[in-house]
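Here are the chains, one letter per residue:
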Amino acid sequence: MSTPTSTSATCTVTIATGMSIAIQEFGDNTEGSAVLYLHGGAGPRTMAGIATALSEHVHGLVPTHPGFDGTARPEGFDTIADLAEAYLDLLDELGLNGVMVMGNSIGGWIAAEMALRDTCGRIGALVMLNAVGIRAKGAEQVLDVRRMAPGEISKLSFANEAFRPDFSSFTDEQRAGMAANQKALATYAGEAFTHDPKLRRRLHRITVPALVVWGEQDGIAPTGYGRDWAAALPSGHFAPIGDAGHFPHIEQMGATLGAISNFVDTVVKPDEA
């Protein structure tokens, strides 16, 4: 794949509730649709690469969850459901339809909650990248990393050490920003942190096609957990990615894009392939 030439731009959109959401846009909105990229606890920068890679083909939106990267989190705005409803309001505000919602880690959790609440039919498909959010049926569950040091979490997150951040090189400002992001993550994720105990039993109500992409070397959310995610979705499809951990779209961009392309061609838009 050639290097995309599309540029990105940042903006702020005010939704119906009066809350403002910071967004980075990729590519051009020519069809009234988009991919909504939802980040996990590591922040919006983790979604910029894949958004750039797909920007030649589809308009992309990477919002920053309120409370991350120095943005304001309104009082009382403190659950995954709040985020899901805000992003549905965002799609309404922008008039977008047939949107593919692509979420990594808690971003996948948010995507599922969006699909459960999508009364206007804005969402066309889901892509879950090592998503958390459910209590799996099997023994393999998500590891609670709240008491782990950043370096330990990084080792569990990336199969290739070349992708692991060098926290020793971080400035005090960067460390403070990372701590603030983790505080926001803990607020949204709630007491159980890794999941909503009731979410799995509601997933049968999601009717849009869904692709569950999984880095097989994830030390935080094991592959068996990912397979359970796919099995719980009525139109769930599973795509394992080798030599990748919690961020397959970063460590194995090509394989991840290939899985998404195959999903679109064979499941989402087979008549256009």
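Residues numbered from 1 in each chain as written. Predicted model: local features only at pLDDT ≥ 70, side-chain atom pairs only at ≥ 80, totals over all residues. Heavy atoms only, no water.

Things to note about the overall build of the protein
Okay, step 1: Assigned secondary structure in the protein consists of eight helices and eight strands.
Okay, step 2: At 17 Å, the protein has a C-alpha radius of gyration in line with the 19 Å of a compact globule built from 273 residues.
Okay, step 3: Burial statistics for the protein: of 273 residues in total, 48% are counted as buried.
Okay, step 4: Long-range pairs, those at least 24 residues apart, make up 75% of the contacts in the protein between residues at least 6 apart in sequence.
Okay, step 5: With the model as given, the accessible surface of the protein reaches about 12400 Å², and the carbon-plus-sulfur share is 48%.
Okay, step 6: Distance between charge centres in the protein, computed from 19 positive and 31 negative side chains, equals 9 Å. (Helix = DSSP H or I, 4+ residues; strand = E, 2+ residues; numbered from the N terminus. Rg over C-alpha atoms; globule rule 2.2 N^0.38 Å. Buried < 20%, exposed > 50% of the residue type's maximum accessible area, 1.4 Å probe, protein only. Contact = heavy atoms within 4.5 Å. Areas by Shrake-Rupley, 256 points an atom, 1.4 Å probe, with all protein chains shown as cover. Lys, Arg positive; Asp, Glu negative; His and termini not counted. Charge placed at Lys NZ, Arg CZ, Asp CG, Glu CD.)

Some words on the environment of Arg 164
Okay, step 1: Take Arg 164: it is sitting in the loop between helix H4 (150-157) and helix H5 (172-189).
Okay, step 2: In this structure, the C-alpha to C-alpha distance between Arg 164 and Leu 257, residues 93 residues apart in sequence, is 21 Å.
Okay, step 3: If we ignore the near neighbours within four places in the chain, the residues touching Arg 164 are Ser 154, Lys 155, Phe 158 and Ala 159.
Okay, step 4: A polar contact of 3.0 Å, which involves the side chain of Arg 164, links it to the backbone oxygen of Phe 158. (Polar contact = N/O pair within 3.5 Å; in protein donor to acceptor, adjacent residues only side chain to side chain.)

Considering the sheet that holds strand E8 (residues 236-241)
Each strand in a sheet pairs with its neighbour through backbone hydrogen bonds, running either in the same direction (parallel) or in the opposite one (antiparallel).
Okay, step 1: What the eight strands build is an open sheet, ordered E1-E2-E4-E3-E5-E6-E7-E8; its pairing is mixed. Two strands in the sheet have a free side with no partner beyond their single neighbour: strand E1 (8-14) and E8. Strand-to-strand twist in this sheet, taken as the mean axis angle between neighbours without regard to direction, amounts to 20°.
Okay, step 2: The pairing of strand E7 (residues 210-215) with E8 spans six bridges and is parallel. When the sheet's bridge partners are listed, Val 213 is paired in E8 with Ala 239.
Okay, step 3: Packed on one face of the sheet, helix H1 (residues 45-54) meets strand E2 (20-26), strand E3 (35-38), strand E4 (60-63), strand E5 (99-104) and strand E6 (123-129) and runs near 165° to E3.
Okay, step 4: Across the sheet, helix H6 (residues 223-232) touches E6, E7 and E8, and the angle it forms with E7 is around 180°. (Pairing = 2+ DSSP bridges. Axes fitted to C-alpha atoms, helices over the stretch in contact; angles between N-to-C directions.)

Some words on the pairing of E3
Okay, step 1: Every second residue of E3 is oriented toward a common face, with Val 35 and Tyr 37 on one face and Leu 36 and Leu 38 on the other, all of them buried.
Okay, step 2: Pairing of E3 with E4 involves two bridges; the strand directions are parallel. Its bridge partner being in E4, Leu 36 is matched across the sheet by Leu 61.
Okay, step 3: Handedness of the crossover joining E3 and E4 through H1 is recorded here as right-handed. (Right-handed = clockwise from strand over helix to strand, strands pointing away.)

Some details on the side chain of Thr 194
Okay, step 1: Turning to its location among the elements, Thr 194 is positioned in the loop between H5 and E7.
Okay, step 2: On the basis of relative accessibility, which here comes to 9%, the residue Thr 194 falls in the buried class.
Okay, step 3: Only 2.9 Å separates the side chain of Thr 194 from the side chain of His 195, close enough to count as a polar contact.
Okay, step 4: Contacts of Thr 194, omitting those with residues within four sequence positions, involve Trp 109, Val 132, Gly 133, Ile 134, Val 142, Leu 143, Asp 144 and Tyr 225.

A word on the nonpolar core
Okay, step 1: Of all hydrophobic cores here, the largest spans 57 residues; its most connected members are Leu 36, Met 114, Leu 126 and Trp 229.
Okay, step 2: Here the element with the most residues in this core is helix H2 (residues 80-94); it accounts for eight residues.
Okay, step 3: Those residues in contact with Leu 36 that lie beyond four places of it in its chain are Leu 61, Pro 63, Tyr 87, Leu 90, Leu 91, Val 99, Met 100, Val 101, Met 102 and Met 114.
Okay, step 4: Ala 48, Ile 241, Ala 259 and Ile 260 belong to the second largest nonpolar core, which has 24 residues in total. (Core = buried A, V, L, I, M, F, W, Y, C linked by side-chain atoms within 4.5 Å.)

A closer look at the environment of Gly 32
Okay, step 1: In this fold, Gly 32 is placed in the loop between E2 and E3.
Okay, step 2: A C-alpha to C-alpha distance of 9.0 Å links Gly 32 and Val 99, two positions 67 residues apart in sequence.
Okay, step 3: If we skip the residues at most four places from it in the chain, Gly 32 touches Gly 95, Leu 96 and Asn 97.

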